[in-house]
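Structural features, examined
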Amino acid sequence: MSEDEILAEFRAADALLEGHFILSSGLHSSRYLQCARVLADPMRAARLASALAATMPRDVRGAIEIVVSPAMGGIIAGHEMGRALGVEAVFVERPTGIFELRRGFRLKPGQKVLLMEDVVTTGLSSREAIAAVEEAGGEVIAAAALVDRSNGEADLGVPFFPLVSLAVPTYEADALPQDLAAIPAEKPGSRKAA
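Brief notes about the packing of aromatic side chains
- In the structure shown here, the tally under the stated rule is two aromatic pairs.
- Considering the side-chain rings of Phe21 and Tyr32, the 5.6 Å spacing of their centres and the 35° angle between planes classify their relative orientation as tilted. Taken as a pair, Phe21 in strand β1 (residues 16-22) and Tyr32 in strand β2 (residues 28-33) lie far apart in primary sequence, 11 residues in all. When sorted by exposure, Phe21 lands in the same class as Tyr32, which is buried.
- Each ring, one from Phe91 and one from Phe105, has its centre 5.2 Å from the other, and the planes form 80°; the classification is edge-to-face. With Phe91 in strand β4 (residues 88-93) and Phe105 in the loop between β5 (100-101) and β6 (112-120), this residue pair connects regions lying 14 residues apart in the sequence.
- Between Arg94 and the ring centre of Phe99, over which it is positioned, the NZ or CZ distance is 3.9 Å.

Right under this line is the structure:
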């Protein structure tokens, strides 16, 4: 899929939003990708995950034994990536504020993991999820996301494969441009603002 085709999928799902948004990282932005909307259509989710899997090097794809995603936003993306790769997909969640495997999910010692996200902005939740996978005995060999909003700056400590990269400026709350500050902020993500 080309970048234009990928963004057309987001637009068709009304998932590319304009306004004033507080991201999961606590940063502010004038654009927001609501991946939950684009992933609500199972056929669209499957197309995007398959397209992403196809961009990954064959040796990486072949080494992946399981996909792990952070709850909440990454669950559907992770499930579809597991389907595209033909491997099981599980998720970590934060019942006490720290990611952990629950619900009987287990990793075999040394099991090769793909960490799958919907959107990466700063990489914080990805790094936290990677730490949880390592704590559970898995080895994250790569990370992937539908969207990289980090402007290429997120360092996840493993090879990172986004389907599309969007360079959208983000701002600290005390450094908003005047036009953005004039619009009421909304928090559409799954995590409380930092």
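Considering the nonpolar core
- In terms of nonpolar packing, the biggest core is built from 35 residues, with Leu114, Leu146 and Val147 touching the most fellow members.
- Among the secondary structure elements, those contributing two or more residues to this core are α1 (3-12), α2 (35-39), α3 (42-55), α5 (74-85), β6, β7 (139-148) and β8 (160-165).
- The contacts of Val147, once residues within four sequence positions are left out, are Phe10, Leu33, Cys35, Asp118, Val119, Val120, Val164 and Leu166.
- Leu101, Ile130, Ala132 and Ala143 belong to the second largest nonpolar core, which has 21 residues in total.

Side note on the pairing of β7
- Most of β7 sits out of view: nine of its 10 residues are buried.
- The pairing of β6 with β7 spans eight bridges and is parallel. Residue pairing across strands places Val119 opposite Val147, the latter belonging to β7.
- One ladder, built from five bridges, connects β7 with β8; its direction is parallel. Note on β8: the bridge partner recorded for Ala144 is Phe161.

Notes on the packing of α3 against α5
- Direction vectors running N to C along α3 and α5 enclose 60°, while the axes themselves pass 8 Å from each other. In terms of orientation, α3 and α5 fall into the oblique class. Note on packing geometry: the crossing formed by α3 with α5 is right-handed. Taking contact as the criterion, the partners of Ala45, Ala46, Ala49, Ser50, Leu52 and Ala53 in α3 are, on α5, Glu80, Met81, Ala84 and Leu85.
- Looking at the contact of α3 with α5 residue by residue, the class counts come to eight nonpolar, one polar and one charged.

Cut-off values and rules
Residues numbered from 1 in each chain as written. Predicted model: local features only at pLDDT ≥ 70, side-chain atom pairs only at ≥ 80, totals over all residues. Heavy atoms only, no water. Phe/Tyr/Trp six-rings, centres within 6.5 Å; stacked < 30°, edge-to-face > 60°. Helix = DSSP H or I, 4+ residues; strand = E, 2+ residues; numbered from the N terminus. Buried < 20%, exposed > 50% of the residue type's maximum accessible area, 1.4 Å probe, protein only. Lys NZ or Arg CZ within 6 Å of the ring centre and 35° of its normal. Core = buried A, V, L, I, M, F, W, Y, C linked by side-chain atoms within 4.5 Å. Contact = heavy atoms within 4.5 Å. Pairing = 2+ DSSP bridges. Axes fitted to C-alpha atoms, helices over the stretch in contact; angles between N-to-C directions. Parallel < 35°, antiparallel > 145°, perpendicular 65-115°, else oblique. Left-handed = near helix turned anticlockwise from the far one by under 90°. Nonpolar A, V, L, I, M, F, W, Y, C, P; charged D, E, K, R; others polar.

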